[in-house]
Amino acid sequence: MPRTISITKQNIVDASISLLRREGAEALTARKLAREAGCSTQPIFRAYQNMDELYEDVFNVSADIFSDYCENYPAESTIPFVNLGLAYISFAQNEKQIFRLLFLSANRYGKSLVELLNGKTGFLLNQITAAKEEGCTDPQSLFMKMWMLIHGSACMCLTDDYDLNAEATRKLLEDAEKVFA
């Protein structure tokens, strides 16, 4: 009778996300992951042909975590791109290792930045549409200007150089949108 598989692909991905959050992407090795999942490396390679296949699943689950975070982040402003900025910066503060994996890695497994920011529900596209509805004649240009401030601020969170609270961040983004628009 064949052995019952007790460590599933989902268990491996869950353990990978836990390890990623705690130690970063560089910690995602077969041995460390096996220790995290409470198994040998055998179940990992039974579920995955190689580690790159696992990394892609971890990346996609991380992208879903980011998408859910943005969708559930409370809307604090009616000004286009401000809520995107607030959610993105907050995500960088609260999920540093997942942020690094998604937005500072060379390999995005075929996903563009726009796809990541759109998430499952078109989060970025909704912001661009809102900018058009507000009368912005070039919402893509406005987004790029805002993006530089948003992404720079989020990256500052990773080194603990960003010390604005949510209210000050909202005001900064709203003021910037007025200047850039």
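Going by the structure above, here's the rest.
So, a few notes on the structure that sits alongside this text. (Residues numbered from 1 in each chain as written. Predicted model: local features only at pLDDT ≥ 70, side-chain atom pairs only at ≥ 80, totals over all residues. Heavy atoms only, no water.)

**Some remarks on the packing of aromatic side chains**
In plain terms, the rule: Aromatic pairs are defined between Phe, Tyr and Trp rings, using the six-membered ring for Trp, whenever the two ring centres lie within 6.5 Å; interplanar angles under 30 degrees are classed as stacked, those over 60 as edge-to-face, and all others as tilted. Secondary structure elements are defined from DSSP: runs of H or I of at least 4 residues count as helices, runs of E of at least 2 residues count as strands, and each element is numbered from the N terminus. When a residue's accessible area, from a 1.4 Å probe over protein chains only, is under 20% of the maximum for its type it is buried; when over 50% it is exposed; and in between it is partly exposed. Two conditions define a charge located above a ring, namely a distance within 6 Å from the ring centre to NZ of Lys or CZ of Arg, and an angle within 35 degrees of the ring normal.
All chains considered together, the criterion is met by twelve aromatic pairs. Centre to centre, the rings of Y69 and F91 are 5.2 Å apart; their planes meet at 70°, and the pair counts as edge-to-face. Note that Y69 is positioned in helix α4 (residues 51-72) and F91 in helix α5 (residues 82-94), a separation of 22 residues in sequence. Residue F91 is classed as buried on the basis of its relative accessible area, which comes to 0%. Put simply, the rings of F66, Y69, Y73, F81, Y88, F91, F99, F103, F143 and W147 pair up and form one aromatic cluster. Residue placement shows K9 over the ring face of Y48; its charged tip is 4.8 Å from the ring centre.

**Remarks on unusual backbone geometry**
Of note in this structure, F81 is not a glycine but carries a positive phi near 75°. Residue placement: F81 occurs in the loop between α4 and α5.

**Structural notes on the side chain of E177**
How we decide: Counting rule for charge: Lys and Arg are taken as positive, Asp and Glu as negative, and neither His nor the chain ends is counted. A side-chain nitrogen of Lys or Arg and a carboxyl oxygen of Asp or Glu constitute a salt bridge if their distance falls within 4 Å. Contact definition: two residues touch when any of their heavy atoms are within 4.5 Å.
With respect to the helices and strands, E177 occurs in helix α10 (residues 166-180). Among buried charged residues, E177 stands out as having no salt bridge; its nearest opposite-charge side chain is K178, 7.0 Å away. Not counting chain neighbours up to four residues away, the residues in contact with E177 comprise I79, P80, L142 and M146.

**Things to note about the nonpolar core**
Worth spelling out the cut-off: Working definition of a nonpolar core: buried Ala, Val, Leu, Ile, Met, Phe, Trp, Tyr and Cys residues. They are joined through side-chain atoms within 4.5 Å.
Counting 56 residues, the largest nonpolar core has F81, Y88, L102 and L117 as its most contacted members. Setting aside residues no more than four positions away along its own chain, F81 makes contact with L124, Q127, I128, A131, P139, L142, F143, M146 and I150.

**Observations regarding the environment of Q140**
Topologically, Q140 is positioned in helix α9 (residues 139-158). Using a relative accessible area of 43% as the deciding quantity, one classes Q140 as partly exposed. Placed 38 residues apart in sequence, Q140 and L102 show a C-alpha to C-alpha distance of 22 Å.

**Things to note about the environment of A131**
Tracing the chain through its elements places A131 in helix α8 (residues 123-133). Sequence-distant contacts of A131, that is, excluding residues within four places in its chain, are made with P80, F81, C136 and P139.

**Examining the packing of α5 against α9**
Rule in force here: The convention used is that axes are lines fitted to C-alpha atoms, helices contributing only their stretch in contact, and that angles between N-to-C directions extend from 0 to 180 degrees. To sort the angles, those under 35 degrees are grouped as roughly parallel, those over 145 as roughly antiparallel, those from 65 to 115 as roughly perpendicular, and the leftovers as oblique. Should the near helix be turned anticlockwise from the far one by less than a right angle, the crossing is left-handed, and should it be turned clockwise, the crossing is right-handed.
Their axes nearest at 8 Å, the elements α5 and α9 cross at an angle of 20°. In terms of orientation, α5 lies roughly parallel with respect to α9. The crossing of α5 and α9 is right-handed. Where α5 abuts α9, its residues L84, G85, Y88, I89, A92 and Q93 lie against F143, W147, I150, H151, S153, A154, C157 and L158.

**Examining helix α2 (residues 30-37)**
Rules: This arc is built from the directions going out from the helix axis to the C-beta atoms.
Of the residues making up α2, those classed as buried are A30, L33 and A34. Looking down the long axis of α2, one finds its buried residues gathered within 105° of arc, a one-sided arrangement. Across from the buried face of α2, at angles greater than 90 degrees, the exposed residues are R31 and R35. Looking at the buried positions of α2, the neighbouring elements they touch are α1 (9-23), α3 (42-47) and α4.

Taken by themselves, the reported measurements are silent on function.
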